[in-house]
Amino acid sequence: AVALALLDARDHVDAFEAAAAALASDPVLVDVRAAQARLGDVRAAPALRQLFATGDQRQKVLAAGSLGLLKDKTAVSALVAALPVDAAPRVQAAAAHALGLTGDGAAEEPLLAMAGRPKLYGPARAQALTALAALHSARAVVLAAQLVDHPSRDVGRAALQLLAAVPTPWTEAAVHFGLDTPGLRGEAAKAVT
């Protein structure tokens, strides 16, 4: 299933559906459904929402990303529910990424709260900023300007992605900092206005 999805075998989506039906509760079901999502088959969405709600961490991560690929707006509330502090860090990161892909503005406030948490798992914080950039969140610009010099280069790059998505004249100093900092220069160059 994964290989066929990577080969963009859209003419075989019915075979994926048949395989998923045969697997029912098998742990590899999520892989088949994720492959369907990669091919844009929306029939996978209900099963992916269920796997995100009840699966183990691996299943939740794959289901979240797949729901994002499908731009499944009905999954937004479940994805937002995975952002709080007590959620598994990798699930938080996957949910934030998926929310950015859905493009649903209802996710802006929880993503902003997540990105503002100082002791958050670095990749999850970076994904929250990237999702806010995808949503063109003007409210996140102040936070992004502050996070450009974050010790994690992933967070700094994500902050610069947001500054590039929402150009704001007063963030010029943060962008110049990025231009002078190895590991940030590429994203900073995209943010130059």
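Look up a bit, the structure's there.
Quick summary incoming for the structure in this document. (Residues numbered from 1 in each chain as written. Predicted model: local features only at pLDDT ≥ 70, side-chain atom pairs only at ≥ 80, totals over all residues. Heavy atoms only, no water.)

## Quick notes on the overall build of the chain
Point 1. Helix and strand counts for the chain come out as 13 helices and zero strands.
Point 2. In sequence order, the chain lays out its α and β elements as α-α-α-α-α-α-α-α-α-α-α-α-α.
Point 3. For a compact globule of 193 residues, the expected C-alpha radius of gyration is about 16 Å, and the chain comes in at 18 Å, within 12% of that figure.
Point 4. Long-range pairs, those at least 24 residues apart, make up 58% of the contacts in the chain with a sequence separation of at least 6.
Point 5. Surface summary for the chain: the accessible area is close to 9,100 Å², and the carbon and sulfur share equals 60%.
Point 6. With 18 positive and 18 negative side-chain charges, the chain shows a separation of 4 Å between the mean positions of the two kinds. (Helix = DSSP H or I, 4+ residues; strand = E, 2+ residues; numbered from the N terminus. Rg over C-alpha atoms; globule rule 2.2 N^0.38 Å. Contact = heavy atoms within 4.5 Å. Areas by Shrake-Rupley, 256 points an atom, 1.4 Å probe, with all protein chains shown as cover. Lys, Arg positive; Asp, Glu negative; His and termini not counted. Charge placed at Lys NZ, Arg CZ, Asp CG, Glu CD.)

## Focus on the nonpolar core
What tends to happen in soluble globular proteins is that the nonpolar side chains get buried as a cluster.
Point 1. Membership of the largest hydrophobic core comes to 63 residues, with the highest contact counts inside it found for Phe52, Leu79, Leu111, Leu129, Leu162 and Leu163.
Point 2. Excluding anything up to four places from it in sequence, Leu162 contacts Leu129, Leu132, Ala133, Ser137, Ala140, Val141 and Ala144. (Core = buried A, V, L, I, M, F, W, Y, C linked by side-chain atoms within 4.5 Å. Buried < 20%, exposed > 50% of the residue type's maximum accessible area, 1.4 Å probe, protein only.)

## Re the pattern of salt bridges
Point 1. Applying the stated criterion across every chain yields a total of nine salt bridges.
Point 2. Note that Arg49 and Asp72 form a salt bridge whose closest N and O atoms lie 2.5 Å from each other. Residue Arg49 is located in helix H4 (residues 45-54), and its partner Asp72 is located in the loop between helix H5 (57-69) and helix H6 (76-81); the two are separated by 23 residues in the primary sequence.
Point 3. The class of Arg49 is partly exposed, set by a relative accessible area of 29%. (Salt bridge = Lys/Arg side-chain N within 4 Å of Asp/Glu carboxyl O.)

## Observations regarding helix H9 (residues 122-134)
Point 1. When the terminal C-alpha atoms of H9 are compared, their 18 Å separation across 13 residues agrees well with the 18 Å that a helix rising 1.5 Å per residue should span.
Point 2. Packing partners of the buried residues in H9 comprise helix H7 (89-102), helix H8 (108-115), helix H10 (141-147) and helix H11 (153-165). (Expected span 1.5 Å × (residues − 1).)

## Brief notes about the environment of Ala134
Point 1. Residue placement: Ala134 occurs in helix H9.
Point 2. Spatially, the C-alpha atoms of Ala134 and Thr102 are 9.2 Å apart, while their sequence positions differ by 32 residues.

## As for the packing of helix H3 (residues 29-38) against H5
The description of two helices packed together rests on the angle between their axes and the distance between the axes.
Point 1. Where H3 meets H5, the axes come as close as 9 Å, and the angle between the chain directions of the two elements is 15°. Viewed along their axes, H3 and H5 adopt a mutual orientation that is roughly parallel. Between H3 and H5 the crossing geometry is left-handed. Two secondary-structure elements touch here, H3 through Val30, Asp31, Ala34, Ala37 and Arg38 and H5 through Arg58, Gln59, Leu62, Ala63, Ser66 and Leu69.
Point 2. Counted by class, the contact of H3 with H5 contains six nonpolar, two polar and three charged residues. (Axes fitted to C-alpha atoms, helices over the stretch in contact; angles between N-to-C directions. Parallel < 35°, antiparallel > 145°, perpendicular 65-115°, else oblique. Left-handed = near helix turned anticlockwise from the far one by under 90°. Nonpolar A, V, L, I, M, F, W, Y, C, P; charged D, E, K, R; others polar.)

## Here we look at the side chain of Glu108
Point 1. On the secondary structure map, Glu108 appears in helix H8.
Point 2. One buried charged residue, Glu108, forms no salt bridge at all, with the nearest opposite charge on Arg139 at 4.1 Å.
Point 3. With near-sequence residues (within four places) excluded, Glu108 lies in contact with Leu132, Leu135, Ser137, Ala138 and Arg139.

## Considering the packing of H9 against H11
Point 1. With their axes 8 Å apart at the nearest point, H9 and H11 run at an angle of 5° to one another. Comparing their axes, H11 and H9 come out roughly parallel. Taking contact as the criterion, the partners of Gly122, Arg125, Ala126, Leu129, Thr130, Leu132 and Ala133 in H9 are, on H11, Asp154, Val155, Ala158, Ala159, Gln161, Leu162 and Ala165.
Point 2. The class makeup of the residues in the contact of H9 with H11 is nine nonpolar, three polar and two charged.

## Topic: helix H12 (residues 172-179)
Point 1. The complete set of buried residues in H12 reads Ala174, Val175 and Gly178. For H12, the angular spread of buried residues about the axis comes to 100°, placing them on one side.
Point 2. Taken together, the buried residues of H12 touch H10, H11 and helix H13 (185-191). (Arc of directions from axis to C-beta.)

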